[in-house]
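Each chain is listed here by its residues.
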Amino acid sequence: MDLNFTPEEEAFRQEVRDFLKDKLSEELATKVRNGRDLNRADMEGWHATLNSRGWLAPGWPVEHGGTTWDSVQMHIFEEECARANAPRTVPFGLGMLGPVLIKFGTEEQKATILPRILSGEDWWCQGYSEPGAGSDLASLKTRAIRDGDDYIINGQKTWTTLGQFANKIFCLVRTSTEGKRQEGISFILVDLDTPGIEMRPIKLIEGGFEVNEVFFTDVRVPAANMVGEENMGWTIAKYLLGHERTNIAGVGASSEALSQLKALARKVKRKGKPLAQDPIFAARIAEVEIDLEAMRMTNLRMLSGVADAQGSVSSMLKIKGTVIRQAINDLSRRALGALAAPFPSEDVIGNYAIAPAEAASNAANYFNNRKLSIFGGSNEIQRNIIAKETFGA
Amino acid sequence: MDFSPTEDRRMIGDSLRRYLAEQYPIEHRNKVAYDGEFHDPAKWAELAELGILGALVSEDDGGFGGAGFDITTVFEEMGRAICPEPMLGNLMALRLYAAHGQAERIEAIIAGAEKAAFAFDESDAFGDLDEIAVKVEGDTLTGRKTVVYGGNSADFLLVAARSATGALGLYEVAANDAEVLPYAMIDGAGAAEIILDKTKARCIAEDARASIEAALDAGRVALCAEAVGAMDVIKVMTKDYLMQRQQFGRPIALFQALQHRLVDFSIEIEQARSITIHAAAKLDSGDPKARALAVAQAKNLIGRAGKLVAEEAVQMHGGIGMTWEYAGSHYAKRLIMIDHQLGDTEDQLRTAMSLSDISEPA
């Protein structure tokens, strides 16, 4: 066993660092570090920067604009981007639809859609969950009925992240009500400009807007927009959910959040001394640091293909990764004590800052990140997956 | 021993519960809590008319209550409605005015004619009376107070400040004489930054350390009771949701994994209620050390229970629990942010460690 990175891997790390130092503006990095909402231009700008370097979709095959990186290089890239406070790329096109098309799409779908994901011409969002179909996704009811060369879609999707910026949506729809529920689901691509679609924003607990409801009324979509065969959607969805979870441990992001927490604890005071010197609070930080260190190794073991029980390892990482991140968010909020109170848009009143600028969104981020253990298959569903694998039923 | 409330307290609790249920539904609550003045003057006047402020003051000082259990009776109901009115700031101000014989001001506050807030925290010294730096010069104050609860709507600010002798005193500033910067808090309701620059002040007491500590403890007991009220409501909301939400062809309440989690947090709510009763009793004990220990123990447990209940309630609601539109998300926020007021779980633990006999010699 050798837990060191090879010289080639270290050289790669340096290359990533140099790129980030050169291309990531201090202004954007500060916004990410301070936990501020990124606007559309921020996200599109960073997308274009990565694209021009050829690093936008590292997991795609080279012929479609990806890289030849192995999983350790991917990990190094993620880690360095998080450390530099680069924005995370929007995953719906790059991490979800892209891999689905590469695996299941026609040559024409690949040729027309993949380049437009990379160029940023298309912004994809996800139409999976419905009001009555969350953890029990297979109970989805949005209907697509064949009509000549089209499908006509009726129904409602919800929790569509960043739908407000998207021009396209990929959906799971019901194309059959016979047999097993899972066998009547299809995966279809929809242009959001199509008549009959309405998107409504959902305001979240901390006051932000990032998810939406999408309503479909007699929406006519060409049958050529289906990915894979009719009623094959569940297979695609399962493939995609596996993909969605590969970086869900978020080791890089949690490491950066932890170092920010430590910096904050050294800066704010309790009883006349830095909070970091308070044994109770220091113990809390040390505990989460221990958990994160273990998860870093678990993640690397999985990446190296050593860890067994492939299916449930990603579920385990999702549970542990989100719980650790939430614990760091919790401490980052607590470190502010009374100063965590102001509404995030009001952290500076006139010329008077209340909490330190880099921490003013800590309470809002704590509340927002309660979503981590709910979305992408809630932690309860992940436990079901592990339990099923453990007990075989 | 008798754990049942007196007839008077039952009446005040019932009438406050009815009033808030009718007059402060969640839609109105959210409008007031996050917009405009973060306070509804008409409703405040009605609360005063109901006698809610008088219930926080003893008969000797012009009210008709003032005991620990009067405070918990009022604040449990405030918590059930997560009412954003500045009751906490006025409670602490009333305790301080009472401790220093300010009958006229107390009368005006009880009548709803005036409002006051207690300005103690400073951004470099929150939760630490020893570090208070706002200074007294002649009959003026200079410095800044941060996150003053109810400072947005107060007519008078009671300011903890340090005189040249180093004593921690209490001074009254008319809000009009200070620079008051109001804002909403993340869980709703108003606070303010108070900027004092040779601002005219009336000395209430040159050495007010003991009365300030007592007022803060009364505030902590109030927050504990508020949390108990909010937890009772969010528990019912969560139970109802689990019974109503269908997934996998059945109500999710039938999944034992979820049942046990609701049971676990229900147990913590009962513990929280019990320790709040204990602290409320000690508030009137006349023994400052016993009072401070019981209050710190209560607020520590409340902080832990509140976090468990808030986080579990959101998690068990799934995406719905994450939305602004769902009332439960505002209860969850309130429960989390109560821990940030008047000293959090860790602060209370430090106090409890220092006041308990844990580290006495063998």
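Since the model is a prediction, treat every value here as computed from it, not as a measurement.

Asker: Quick one: what's the story with the environment of R220(B), residue by residue and with numbers?
Answerer: Residue and element names in this part refer to chain B. Here R220 shows up in helix α7 (residues 209–244). Looking at R220, the number of C-beta atoms within 10 Å reads 26, which means it is buried. Distance in space between the C-alpha atoms of R220 and Q244 is 36 Å, their sequence separation being 24 residues. Discounting residues that sit within four places of it in the chain, R220 has contacts with V295, K299 and L342.

Asker: Talk me through the interface of chain A and chain B; I want residue IDs and the actual numbers.
Answerer: Facing 38 residues of chain A, the contacting portion of chain B comprises 38 residues. Listing elements by their share of the side of chain A that touches chain B, those giving two or more residues are β6 (197–203), α9 (279–303) and α11 (362–368) of chain A. Tallying contributions element by element places α11(A) first for the side of chain A that touches chain B, with three residues. Tallied by class, the residues present in the side of chain A that touches chain B amount to 20 nonpolar, eight polar and 10 charged.

Asker: Go over the domain arrangement of chain B, please, and point to the residues and values.
Answerer: Residue and element names in this part refer to chain B. Segmenting chain B into domains produces domain 1 (7–114), domain 2 (117–208) and domain 3 (210–355). With centres defined by C-alpha atoms, the gap from domain 1 to domain 3 works out at 21 Å. Listed per partner, the contact involves 21 residues of domain 1 and 25 residues of domain 3. Of all the secondary structure elements, the ones that give two or more residues to the side of domain 1 that touches domain 3 are α2 (26–34), α4 (68–80) and α5 (87–99). Here the side of domain 1 that touches domain 3 takes 10 residues from α4, the largest share from any one element.

Asker: Which residues make up the domain arrangement of chain A, and what are the values?
Answerer: All names here are of chain A. For chain A, the assigned domains read domain 1 (7–89), domain 2 (122–232) and domain 3 (245–391). Taking the mean C-alpha position of each, domain 1 and domain 3 sit 21 Å from one another. For the side of domain 1 that touches domain 3, the leading source of residues is helix α4 (residues 71–83), giving eight residues. Grouping the constituent residues of the side of domain 1 that touches domain 3 by class yields three nonpolar, five polar and five charged.

Asker: Can you tell me about the pairing of strand β5 (residues 168–174) of chain B, naming the residues and giving the values?
Answerer: Residue and element names in this part refer to chain B. With six of seven residues buried, β5 lies mostly within the body of the structure. Between strand β4 (residues 156–162) and β5, which pair antiparallel and follow one another directly, the connecting turn spans five residues, one of which, G166, has a positive phi of 95°. Note that β5 and strand β8 (residues 202–205) share three bridges and pair antiparallel. Within the sheet, the bridge partner assigned to L170 lies in β8 and is A205.

Definitions and cut-offs
Residues numbered from 1 in each chain as written. Chains lettered and ligands numbered in written order. Predicted model: local features only at pLDDT ≥ 70, side-chain atom pairs only at ≥ 80, totals over all residues. Helix = DSSP H or I, 4+ residues; strand = E, 2+ residues; numbered from the N terminus. Buried ≥ 20, exposed ≤ 12 C-beta atoms within 10 Å, placed from the backbone. Contact = placed C-beta atoms within 7 Å. Nonpolar A, V, L, I, M, F, W, Y, C, P; charged D, E, K, R; others polar. Domains from an automatic or database assignment. Pairing = 2+ DSSP bridges.

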